[in-house]
Number of protein chains: 2
Amino acid sequence: MSIRYLTARLAQQIDEELMSATGAFSLDQLMELAGLACAQTLAKVYDKERYPRVLVCCGPGNQGGDGLVAARHLGMFGYEPTIWMPKPGSKEIYKRLHTQCTNMKIPTIPPSSTTDSLSLALSSTDVILDAIFGFSFQPPIRPPFDSALAIISKSGVPIVSVDIPSGWDVEGGKIHEGIGLEPDVLVSLTAPKEGVRAFKGRHFLGGRFVTKAMEEKFKLNLPQYNGSDQIVELAQVPAEKL
Amino acid sequence: MSIRYLTARLAQQIDEELMSATGAFSLDQLMELAGLACAQTLAKVYDKERYPRVLVCCGPGNQGGDGLVAARHLGMFGYEPTIWMPKPGSKEIYKRLHTQCTNMKIPTIPPSSTTDSLSLALSSTDVILDAIFGFSFQPPIRPPFDSALAIISKSGVPIVSVDIPSGWDVEGGKIHEGIGLEPDVLVSLTAPKEGVRAFKGRHFLGGRFVTKAMEEKFKLNLPQYNGSDQIVELAQVPAEKL
């Protein structure tokens, strides 16, 4: 049985169930484990000696929160992360997560700056962590993300995307307005989304917090993680419809 | 420079600073990373094939919360944890963490049961995670923990202690009332406590969330963690007073 690819709606349902009174998880917990998985994936593929400078691109939603957690862990691992977050989320948790990064002296490109500052940052970036849009993304791509995606794509810097490459349809996988990213590495959280069935790069899974009962209920067919790892690489096998 | 051993007061101060408006961490985050470090330490020393059955002994405070997080991760890693938590903490977070374990079908010995049930559980336990007393422990050791520590000690089952072996003075290290535990493995969180200077077993450090600024402010002289590891083993070097 192959792993299940989730619709946006099912991904949402699993998230809600995890954080319901029954699931009992807090957003803080899930985001911490998700962000740690993103950081560990990047570290597994891009050695910090050769790729020390990571540009962590954060969207305004929970995906951006995962990015902030990942930025902090990357800083702990010895990388030199920089945060680009042009539309900081208003939730209190993002503010806290961002303060934690600031306390680690992780610089943030001023939100008010133009995409010129993004271009400038990219010229001294070794690898990008794309935490812009997640599984709740709905087109159209609004400014400044429309021009930002084009700039990131053109930079040629390797990209690690979280959950769904930014600019892709969460279920259809097609690239919107021709400006979606083409990541080298993808880290899916909880389970991969429908839209990444055709993804050809290295694909990891993170979010090791789904109970066996939930896995069975939603027929997720998750792969085995090794030992105490928080991520597992998915084999390059053709995805079958369940 | 050797690592700094913390007084109870300094450990408390660091915890408070991490969770202050300035530090911006939530208890959920810190406990998640601490508990994960405890589970990874146990998994590093005690292979799940030979030591599958883990009795996670939880006290009523934050240390017990770390234990609950560790129990969940151990379950994820493929161990068969059982929880012994005779005095469940009243904080809402412990209830949530316990629900997460229950959702994973991790059994809990009924709190109302006598220490006979602890003895019975120990007879089918391969390794103990001691998350009973932490750095805020103050003697005397109250029932049922007094008799429980004696029973655990006599069982001969290997012990992994969190932060301070239960029954030890946090600063003096001496064993209270002759019933403190003698763990084989210790996982110190953030930085080791004064009381474990003379600890002879394998000693790990977890809690990879202390900023460089904080490390310098408190002169912690923490060791380097490897790669994206959440734990690091401390070398067996004689501890020097700073």
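Residues numbered from 1 in each chain as written. Chains lettered and ligands numbered in written order. Predicted model: local features only at pLDDT ≥ 70, side-chain atom pairs only at ≥ 80, totals over all residues. Heavy atoms only, no water.

- Naming follows an unreviewed UniProt entry, where chain A appears as NAD(P)H-hydrate epimerase of Jaapia argillacea MUCL 33604.
- Its UniProt record gives chain A the following Function (unreviewed entry) comment, quoted word for word: "Catalyzes the epimerization of the S- and R-forms of NAD(P)HX, a damaged form of NAD(P)H that is a result of enzymatic or heat-dependent hydration. This is a prerequisite for the S-specific NAD(P)H-hydrate dehydratase to allow the repair of both epimers of NAD(P)HX."
- The Sequence similarities (unreviewed entry) comment attached to chain A in UniProt states, word for word, "Belongs to the NnrE/AIBP family." (UniProt positions renumbered as here; feature names shortened; annotations may be inferred.)

### Re the sheet that holds strand E8 (residues 231-233) of chain B
Residues and elements named next belong to chain B.
Thought 1: The sheet built from eight strands is open, its strands ordered E3-E2-E1-E4-E5-E6-E7-E8 with mixed pairing. Each edge of the open sheet carries a strand with a single partner, namely strand E3 (108-109) and E8.
Thought 2: Packing against the sheet, helix H2 (residues 27-45) makes contact with strand E1 (53-58), strand E4 (127-131), strand E5 (159-162), strand E6 (185-189), strand E7 (202-206) and E8, and its axis sits at approximately 160° to E6. (Pairing = 2+ DSSP bridges. Helix = DSSP H or I, 4+ residues; strand = E, 2+ residues; numbered from the N terminus. Contact = heavy atoms within 4.5 Å. Axes fitted to C-alpha atoms, helices over the stretch in contact; angles between N-to-C directions.)

### Thoughts on the relation of the copies chain B and chain A
Thought 1: Laying chain B over chain A is done by rotating through 180° and shifting 0.0 Å along the axis; what remains is an RMSD of 0.0 Å. Taken together, the rotation and translation relating the two chain copies correspond to the operation of a two-fold axis.
Thought 2: A share of 100% of interface residues in chain B that are also interface residues in chain A marks the association as one of identical surfaces. (Least-squares fit on C-alpha atoms with pLDDT ≥ 70 in both.)

### Regarding helix H4 (residues 92-103) of chain B
Thought 1: Between its first and last C-alpha, H4 of chain B extends 17 Å over twelve residues, near the 16 Å set by a 1.5 Å rise per residue.
Thought 2: Here H4 of chain B has its buried residues at Ile 93, Tyr 94, Arg 96, Leu 97, Gln 100 and Cys 101 of chain B. On an axial view of H4 of chain B, the arc spanned by its buried residues comes to 165°, and they lie on one face. Exposed residues on H4 of chain B whose side chains face more than 90 degrees from its buried face are Glu 92 and Lys 95 of chain B.
Thought 3: Check the buried side of H4 of chain B and you find it contacts helix H2 (27-45) of chain A together with H2, helix H3 (62-77) and strand E2 (80-84) of chain B.
Thought 4: Remark: Lys 105 of chain B follows H4 of chain B within two positions and exhibits a positive phi of approximately 60°. (Expected span 1.5 Å × (residues − 1). Buried < 20%, exposed > 50% of the residue type's maximum accessible area, 1.4 Å probe, protein only. Arc of directions from axis to C-beta.)

### Side note on the UniProt feature "binding site: K(+)" (unreviewed entry) in chain A
All names here are of chain A.
Thought 1: In the numbering adopted here, UniProt assigns the feature "binding site: K(+)" (unreviewed entry) to Gln 63, Asp 130 and Ser 166. Of the residues just listed, which span 104 residues, no C-alpha pair is farther apart than 10.5 Å, and they cluster in one region.
Thought 2: Secondary-structure assignment places Asp 130 in strand E4 (residues 127-131).
Thought 3: If near-sequence neighbours (up to four positions away) are discounted, Asp 130 is found in contact with Cys 57, Gln 63, Ile 159, Val 160, Ser 161, Val 162, Ile 164, Pro 165, Ser 166 and Leu 181.
Thought 4: Reaching out from Asp 130, the side chain makes a polar contact with the backbone nitrogen of Ile 132 at a distance of 3.2 Å.
Thought 5: In this structure, Ser 166 sits in the loop between strand E5 (159-162) and strand E6 (185-189).
Thought 6: A polar side-chain atom of Ser 166 sits 2.5 Å from a polar atom in the side chain of Asp 130. (Polar contact = N/O pair within 3.5 Å; in protein donor to acceptor, adjacent residues only side chain to side chain.)

### Some thoughts on the confidence of the model for chain A
Thought 1: When the pLDDT values of chain A are averaged, the result is 94; 97% of them are 70 or greater.
Thought 2: In the predicted complex, the global pTM is 0.96; the interface-specific ipTM is 0.95. (pLDDT = per-residue confidence, 0-100.)

### Structural notes on the pattern of salt bridges
Note on pairing: side chains with opposite charge can pair once their charged atoms come close.
Thought 1: In this structure the tally under the stated criterion is 19 salt bridges over all chains.
Thought 2: Between Arg 53 of chain A and Asp 126 of chain A there is a salt bridge, with the nearest N and O atoms lying 2.9 Å from each other. Here Arg 53 of chain A is found in strand E1 (residues 53-58), whereas its partner Asp 126 of chain A is found in the loop between helix H5 (115-122) and E4, with 73 residues between them in sequence.
Thought 3: Look at Asp 126 of chain A and you get buried, because its relative accessible area is 15%.
Thought 4: Across the pair Asp 169 of chain B and Lys 174 of chain B runs a salt bridge, and its minimum N-O distance is 3.9 Å. (Salt bridge = Lys/Arg side-chain N within 4 Å of Asp/Glu carboxyl O.)

### A look at the side chain of Gln 40 of chain B
Thought 1: Take Gln 40 of chain B: it is sitting in helix H2.
Thought 2: The class for Gln 40 of chain B is buried, based on a relative accessible area of 10%.
Thought 3: Only 3.0 Å separates the side chain of Gln 40 of chain B from the backbone oxygen of Ser 228 of chain A, close enough to count as a polar contact.
Thought 4: Here Gln 40 of chain B is in contact with Ser 228 and Gln 230 of chain A together with Phe 77, Gln 230 and Ile 231 of chain B, once residues within four sequence places are set aside.

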